Amino acid sequence: MTQDYLSVLNPEQLEAVTHTGSPLLILAGAGSGKTRVITTKIAYLIDEQNIEPWKILAVTFTKKAATEMRERAEKLCERAVKSQIKTFHSFGAWLLRLYGNFAGIDSNFTVYDDDDMVSLLVKAAPQLSKQQASIVAHKIALAKDYCLTPENPDLRIIDSDAEFAELYGLYENRLRETGNVDFGDLIMLPVLMMEKNPDLRNYIQNQFKVIMVDEYQDSNVAQFRFLKNLVGENTYLCVVGDDDQSIYKFRGADINNILDFQKEFNNTKIIRLVKNYRSTSQILKCADDVVKNNKSRLGKTLEAVRGEGKKPVLAFVPSGDDEATFCGELVSQSNKKGVPYSDWAVLYRTNAQSLNFEKVFNQRKIPYVIVGSLKFFEREEIKDLICFCKFIANPMDELAFERIINKPARGIGKVSVEKIINFAKESKKSSLIETDGILEACFQMKGLSKKTQEGVSFFGNLIKDLKEILISNEGKKTEIETLADFSLDFETILQQQENQLKEFSENSAEENTLSKLIETIIKKSGLAEYYASIDETTGTQKVLNMQELCSVARDFPNNMEGLSRFLDQLELDRSLETENSSDDENKNAVTLITLHNTKGLEFPKVVISGMEYGIFPRREKTPDELEEERRLFYVGITRAKDHLYLTSSKLRVLYGRLEAMEVSPFLGEINPENLDVLGNQPPSYKRFFSKGNSSENGENLDHPLAKRWKKGAFVYHDDYGTGQIINCSITEDEEYCIGVQFETGEKKKFLPKYQQNHLTLVVE
DNA sequence: TCACAGTGACTTTTT
DNA sequence: GTCACTGTGA
């Protein structure tokens, strides 16, 4: 019996779906039906190859991609619901919760994010300033992406300085003391524990018959080793990637994983998918114009399957505000013609750029969603609540403890906090305190002032009470937690976990969800009053935000198990979409999103904003980095199905200062015949296509400001110091523009008209 | 111990 | 321009 879903595939796709046996590498161009191939393959394996669904593992990089993949696979084959479709990190976390004891990790760990890493590092090495610490923390994260422990001599790839290895070691010790893990550990620790314990590795290998990896071009060394360990002799491995879309080198992604795949896995079959079903050929022409400038690529040209379509539009706008207004206008006008808001996506290089769009869209009542903005979880009040939760889950979490012990103020100072933590650590070493770490120390600590003592007791009792409620809701203890042998297979474990969820959804009818816990924390800790008074004086919405977290918590059972799931979800899926204003229509909204986050997504109408040098691409140092930026642009362009707009602003407010911007060199790579250009073309754009008739000498410029700001004159700028004017020009908007070389070596462009407060002429 | 005010650094990109 | 950190005075 042939399945219907096979009949819609082209020959290459069909070959990819039905291929079995040797490892398979699918080189899938943008829009070539990659997700369709993977999801169909899952369905095919289950329906036609009789693979048990739970023996299939499919890993992606983002939660969003995993969710989409699961939904699409389920539509093709109901039983696919039982297959494991997860992100690399969530799969790592899942393994670590089950078998963390092999890596010396207690199962009640929580995941530390980048900020926590920095704080912990400062504690481990107090001589570091926060700034230094964040550089080191970044390197530690990178080291873990390469699966390098502090002892590993190869650590010099990251930083050859012995001091770095030492700091990394100090950090690791401190982290292990807290019983927590960081993001890198979610991959590295499972790798290390499998490599150290062949029995464990064999056992895990036997759990999967099929492993598939999406966006393989962005996998890093640690993830590669993870994969190597998961794939056994009888595991069928299939990876999908596109070298032109590799955009995570900064995070350790190694393009060699895809280039060397054949070497690492014998008899690899390679299938190429180059038919693009997504974008019109006009859009693909631009994409190709851009990406062909990259030297290090396997090289391919997408074949357009759809029609010509409309030429992409390049719009030059005067300012960042105008850019947002332009987009708002595009969206509103099309909406009047019946185009839903959700057809639109506005893409930008940095998160900070979303602000202008938010402002304008709010004014115009255009609904939008921001994808991937961490803002909600970075809010003070939310972090406080999460730290309460973290401390309840893991009483050795000193960072969480520090944050909340004196919030709101209970008369407990830094010194006392330090004392308690140290007391807890000492006691733990001499095993006076067995399980409840710092919490227990709160009760046993002696020698604090009366006021402090009272505060500490209050806090300790609060946590203890909350914890007891959770434990009393635990129900029957699951067998999973005590699992140290390999008697259960993943099917059974997954089944048990599913049963727990079922049990919960029956319980949750009585509203016994984790939101109760959060509510109690808010009320009893005093945070409610504390933030209510702040809200009153500063007009913020902190209390409301805390309520928001309650509703997120509603999906989890009100017990310890639910708590750790809740925390996992928060840490592993920060992308929780934050919606604005009128909640209901959440499905019909413009998407505001960073270019990086668009990987794997598509939209009928796409705007790529901020096409200016310094923003996109950023001022890059190496040709390699520039190529990565170019790939990012390529990814952005190929998200568009029908219409593509590129916007480039002449002025932009950066660091609270108005700066004259130069056009992005990427725009010069697109054949002008492939674009419709709106607005005045800046000289820096024309220059890309003209052959050496530059007129930026500034000698005879006819402008009122030309007499004052002459080439060769010396200037002083508030922020950059002294410098000399090296060229002058006039923009289309008749603004007088000067280029200044500063003593610091920096070169900057200014419009003197807007710099009256910062820039002065130095009279010689 | 805490609240406030002044100063300086800051923008990549993500799990 | 904004946020986080630091130092001072209560």
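Please read these numbers as outputs of a predicted model, since none were measured by experiment.

Enquirer: Before we move on, can you summarise the protein's contact with DNA strand C with the specific residues and values?
Expert: The environment of DNA strand C is formed by K130, Y655 and G656. Looking at DNA strand C alone, sugar and phosphate atoms form 20% of those within 4 Å of the protein. In this structure, a phosphate oxygen belonging to DNA strand C sits 2.6 Å away from a side-chain N or O atom of K130.

Enquirer: Give me the lowdown on the confidence of the model for chain A, citing residues and values where you can.
Expert: Residues at a pLDDT of 70 or more form 92% of chain A, whose mean pLDDT is 85. Taken element by element, chain A is modelled with least confidence in strand β14 (residues 578-579), mean pLDDT 44, and with most confidence in strand β16 (residues 603-608), mean pLDDT 96. This model gives residues 477-482 a pLDDT under 50, and the stretch forms six contacts once residues within four places in sequence are excluded. Note that pLDDT drops below 50 for residues 578-585; the model gives that stretch 10 contacts with residues more than four away or on any other chain.

Enquirer: Can you lay out the sheet that holds strand β25 (residues 736-742) for me, pointing to particular residues and giving the numbers?
Expert: The sheet built from five strands is open, its strands ordered β26-β25-β24-β23-β27 with antiparallel pairing. What marks the edges here is a single partner per strand, and that holds for β26 (747-750) and β27 (759-762). Each adjacent strand pair in this sheet contributes to an overall mean axis angle of 40°, direction not counted. Pairing of strand β24 (residues 721-730) with β25, which is carried by seven bridges, proceeds in the antiparallel orientation. Bridging from a neighbouring strand, G723 pairs with F742 of β25.

Enquirer: Describe in detail the protein's contact with DNA strand B, supporting the description with residues and values.
Expert: Among the 23 residues in the neighbourhood of DNA strand B, the closest are listed as Q131, R251, R349, N351 and T594. Between a phosphate oxygen of DNA strand B and a side-chain N or O atom of T594, the distance comes to 2.8 Å. Taking N597, its side chain carries an N or O atom lying 3.0 Å from a phosphate oxygen of DNA strand B.

Enquirer: Requested: an account of the environment of R630, with residues and values cited.
Expert: Topologically, R630 is positioned in helix α28 (residues 623-637). When the C-alpha atoms of R630 and S690 are compared, they prove to be 23 Å apart, with 60 residues separating the residues in sequence. Setting aside residues no more than four positions away along its own chain, R630 makes contact with V290, N293, N294, F666 and E669.

About the criteria used
Residues numbered from 1 in each chain as written. Chains lettered and ligands numbered in written order. Predicted model: local features only at pLDDT ≥ 70, side-chain atom pairs only at ≥ 80, totals over all residues. Heavy atoms only, no water. Near = heavy atom within 4 Å. Polar contact = N/O pair within 3.5 Å; in protein donor to acceptor, adjacent residues only side chain to side chain. pLDDT = per-residue confidence, 0-100. Helix = DSSP H or I, 4+ residues; strand = E, 2+ residues; numbered from the N terminus. Contact = heavy atoms within 4.5 Å. Pairing = 2+ DSSP bridges. Axes fitted to C-alpha atoms, helices over the stretch in contact; angles between N-to-C directions.

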